[in-house]
Structures are given as structure tokens and as C-alpha cells.
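Letter by letter, the chains look like this.
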Amino acid sequence: MEPDLFIAAAEERQSKDPALAPLAVRMRPRELDEVVGQRHLLGDGSPLRRLVRAGNGVTAPSSVILWGPPGTGKTTLAYVVSHATKRRFVELSAITAGVKEVRTVIEAARRESGAHGRETLLFLDEIHRFSKAQQDSLLPAVENRWVTLIAATTENPYFSVISPLLSRSLLLTLESLTEDDIRDLVRRALADERGLGGAVHLDPDAEDHLVRIAGGDARRVLTALEAGAGSAMDRGEKSVTLATLEAAVDRAAVRYDRDGDQHYDVASALIKSIRGSDVDATLHYLARMIDAGEDPRFIARRLMISASEDIGLADPTALTTAVAAAQAVALIGFPEAQLTLAHAAIALALAPKSNSATLAIGAALADVRAGLAGPVPAHLRDGHYKGAAKLGHAQGYVYPHDVPGGVAEQQYAPDTVHGKRYYHPTRYGNEARYADVLDRVRGKLGHTDE
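Residues numbered from 1 in each chain as written. Predicted model: local features only at pLDDT ≥ 70, side-chain atom pairs only at ≥ 80, totals over all residues. Heavy atoms only, no water.

1. Some details on the packing of aromatic side chains
Reasoning step 1: Under the criterion given, the structure shown has one aromatic pair.
Reasoning step 2: Above the ring of Trp146, the side-chain terminus of Arg110 is found at 4.0 Å from the ring centroid. (Phe/Tyr/Trp six-rings, centres within 6.5 Å; stacked < 30°, edge-to-face > 60°. Lys NZ or Arg CZ within 6 Å of the ring centre and 35° of its normal.)

As C-alpha cells, then:
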């Protein structure tokens, strides 16, 4: 909503003494060129540039939905667009506002436009919290350009925003800030007069810790930096050390270098704990990776590999679980993704284990690389092209579906490896069933024991 008397008084005090505002507010960009990250959305000709530069409502989009994790700049972009274009700016939060508040804003926007020719930019935060009826109330204003709507959401808008509004809006996806983005932001806040103005220095290991705990969230890292700097200045110190920062944010620095040995050591320990069925150790290493800011997609990839490498056919659903987790992680991101990763890691740790698939493909590859790759038997070769029959291709092939039991006794492997066994099933979990089936099938195919 537009500020009431109390909000206006607070803003006036902050304008007279900017130090009263939180560091994250003081460092809020004033123009698009000051925005950290989101380079893919800020190039020349981008929708956000057009919103800022287009004085008319013809070439600029009338509604924009910003979708991204917390702290990636959704609110910031709305403020920058508003201030740069001198539009009347109104902010609503879907947590506290309803249809009544939306209609009040829209009516005021229509009066402002008619009386003064001034456009209104409505920023609606957390739009996914609006019901269908509440979102419906926005449609006339968007359709008739009574307001320029910028809506923000941390949830997938294809699931949380109604189709009519989504079809009338331009969807822009924001990404978590990279480590370089976070470092740039921290260093800017340390030096900028609006920030700390060079009052303190940040030790390198303290900076590394800030980057780790940020998780790609600008607001989080600036809040932590402000706490650490305040603690140092209270003690008359010019340098923010790792110990000072840890004490200020009450979070220990995990010894974890995403590009060094710890990255590989902890990832290795996670997989070996899953392989060893120690669910508690698994959760410990998973927590270390999450807390250190490891890319959740990397963790999900390791879980998918583990599902095939160490569990395999002992529990065929393990891979399904791991793949589903990876897809969910890609959709939701941190912090919620930690629940999905824990779900999958626990399931994998407690699943029966078998590395028979790993050993089987390894043995087959070893033979192929040793030169045991003879010609494909003639009856298995492609017989669909003209002249194939004259070459004897596909002649004598027995279609298994025409045979009782569905197993046709004929040679499938090349002569060089005919009768060779690569797959040796265990009797663990579901693989015991595969072992029984395999004994029957190999018998029908006439394969004798090696």
C-alpha cells in the first residue's frame, strides 16, 4: 500500500539519517546498472530496460512476473523501475492484502491517470499467496493498462498463477546470485558511502564464509555482513575476522572448499556412507554440503549415480527416487530442496545394496576394449532395406513373442563372447527375483555355466 503517516515518518527519519536503515536497504540499487547479477535480464532491449526507457505504454510490457529464489532482487528491480520512470509506485503484499486493497489501488490508479496523466506501477509481492479470485481481480487493470503490474513469486508461476494472468504477463526468471556476484556485492557494501564507507576491513576467510552462508541470497549476505561489521566496530576493531563474523551470525564456518579437497572428500564420504547403509553419517555429510552452499544439482547428480552404482536392481525404485529428487531440486532450489535431498539420501542409505550392474558393465566394457567385439550374428542384423535378404540378414530370426514363454532359443551375442556371463545377480532385496528369472532364461538359451 502507499505509505501511511507512521511509515512516512519512519522513511523521513531514514532519509535524514540513512544509517538508521538496514544495510540491505541502504545498498538497494538506484538504477539497473547497479543491480548485481541477473545479467540475462538486463541487456539492451530487455523487457526491464524497456519498462524504464519507454515513456509510453505501447512498447513496454504491461505486466511482468518475476520468479526466483529469495534475495535475488525481485523487490529491488521493482523499485528501480519505479524510480527510474517516475511512475507512482504502490506496493502490496499478498500476505496481508486482499481484493478490497487491490480494487482500491486500481481505482486510485485510474483517477491518477485521468487527472494527472501519471501512470501507476503496482508491485505485488508473494503473488502465489493470492487465491484465484484475488488474482482474477487484477485482470481488468492489466488488460486495460490501468496499472503496470510487477508481481514477484518464489514459487513456480505455472502452478501458482492463474492462466489468464500468466498469458497477459511477461515471465522473467531470476537466478540465484553466483559467488562472484556475492563477492562483488560484499566489497561494494564495504566501500560504498551508502554502506559501511570503508569503516571496517573484511578478512579473506571471513569473506569466504560470507559467500558460503549467502546461498545466492543478497539480503542474507548483507544482513550477515552488517552483523559482523557492527560487532567489530563495537569492540573498536577495524577488521572483521572469521571468529568475529561467526560469533555475530551464530554460525560456524564449515571447512569446505567447493573447488578443493574438501569438496571431493565430503562428497566421497556422503556416497560411501550411503553405500555402507549408515543413514546418520549420510545425513551428516549431506548437511555439511548444504550448509557450505554446495550446488544442490551436484548433490542430486551424486545421488543418481549412487542409485545405480551401489543399489541397482536390489531396489529398482532407488533410481526413480533419485531422478525425481533431481527434478524437484531443479524446480524448487534451496532452501526447500534440502528436504528433497534428505528424502532421497535416507531412502538410498536404507535400500538394499548391489553393485552387480556396476560390475556387469565393467566386465563387458573390458572385453570390448580387449577386442572381443566380433560381427553381429547374421540373423540379428537389420533386414529392412532392399537386398538385405540376399545377404542373409535377418534370415532365421525367431521372434520371441511367437514362442511360448517369450524366450527364443537362438544366439544373440557375437561368437567371440557367446555364452559369456557378465551379470552376476546378488540375492539382496528385489534382485533375488532377477536371479531366479536369470537362471531360467539362461537355461532356455542354452548358456552353460562358465
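Text resumes after the structure shown.
2. Things to note about the environment of Val249
Reasoning step 1: With respect to the secondary-structure elements, Val249 resides in helix H13 (residues 242-249).
Reasoning step 2: According to the relative accessible area criterion, Val249 is partly exposed, its value standing at 23%.
Reasoning step 3: On a C-alpha basis, the gap between Val249 and Ser231 in space is 9.8 Å, while along the polypeptide they are 18 residues apart.
Reasoning step 4: Excluding its chain neighbours within four sequence positions, the residues that come into contact with Val249 are Ile213, Ala224 and Ala227. (Helix = DSSP H or I, 4+ residues; strand = E, 2+ residues; numbered from the N terminus. Buried < 20%, exposed > 50% of the residue type's maximum accessible area, 1.4 Å probe, protein only. Contact = heavy atoms within 4.5 Å.)

3. Re the layout of surface pockets
Reasoning step 1: Space inside the second largest pocket adds up to approximately 1100 Å³.
Reasoning step 2: Surrounding the second largest pocket, 41 residues form its lining, Ser176, Gly215, Pro296, Gly333 and Phe334 being those nearest its centre.
Reasoning step 3: Breaking the lining of the second largest pocket down by element, the ones donating at least two residues are helix H10 (179-191), helix H11 (204-214), helix H15 (279-291), helix H16 (296-311) and helix H17 (317-332).
Reasoning step 4: Tallied by class, the residues present in the lining of the second largest pocket amount to 18 nonpolar, 11 polar and 12 charged. (1 Å grid on protein atoms, 1.4 Å probe; cavity = no way out; pocket = protein on both sides within 12 Å on 5 of 7 lines; lining within 4 Å. Points joined across faces, edges and corners; volume = space filled by probe spheres on them. Nonpolar A, V, L, I, M, F, W, Y, C, P; charged D, E, K, R; others polar.)

4. Concerning the pattern of salt bridges
Reasoning step 1: A complete count under the given rule lists 16 salt bridges for this structure.
Reasoning step 2: Residues Glu226 and Arg26 are paired through a salt bridge, measuring 3.7 Å at the closest nitrogen-oxygen approach. One end of the pair, Glu226, is in helix H12 (residues 218-234); the other, Arg26, is in helix H2 (residues 23-26), with 200 residues separating them in the sequence.
Reasoning step 3: Residue class for Arg26 comes out buried when judged on its relative accessible area of 13%.
Reasoning step 4: Between Arg235 and Glu237 there is a salt bridge whose closest N-O contact spans 3.3 Å. (Salt bridge = Lys/Arg side-chain N within 4 Å of Asp/Glu carboxyl O.)

5. What to know about unusual backbone geometry
Most peptide bonds take the trans form, and the phi angle of most residues other than glycine is negative.
Reasoning step 1: Of note, Gln38 is a non-glycine position whose phi angle comes to about 55°, a positive value.
Reasoning step 2: The topology assignment puts Gln38 in the loop between H2 and helix H3 (47-53).
Reasoning step 3: The class for Gln38 is buried, based on a relative accessible area of 5%.
Reasoning step 4: At Arg145, a position not held by glycine, the phi torsion is positive, near 55°.

This is a description of form; function is not addressed.
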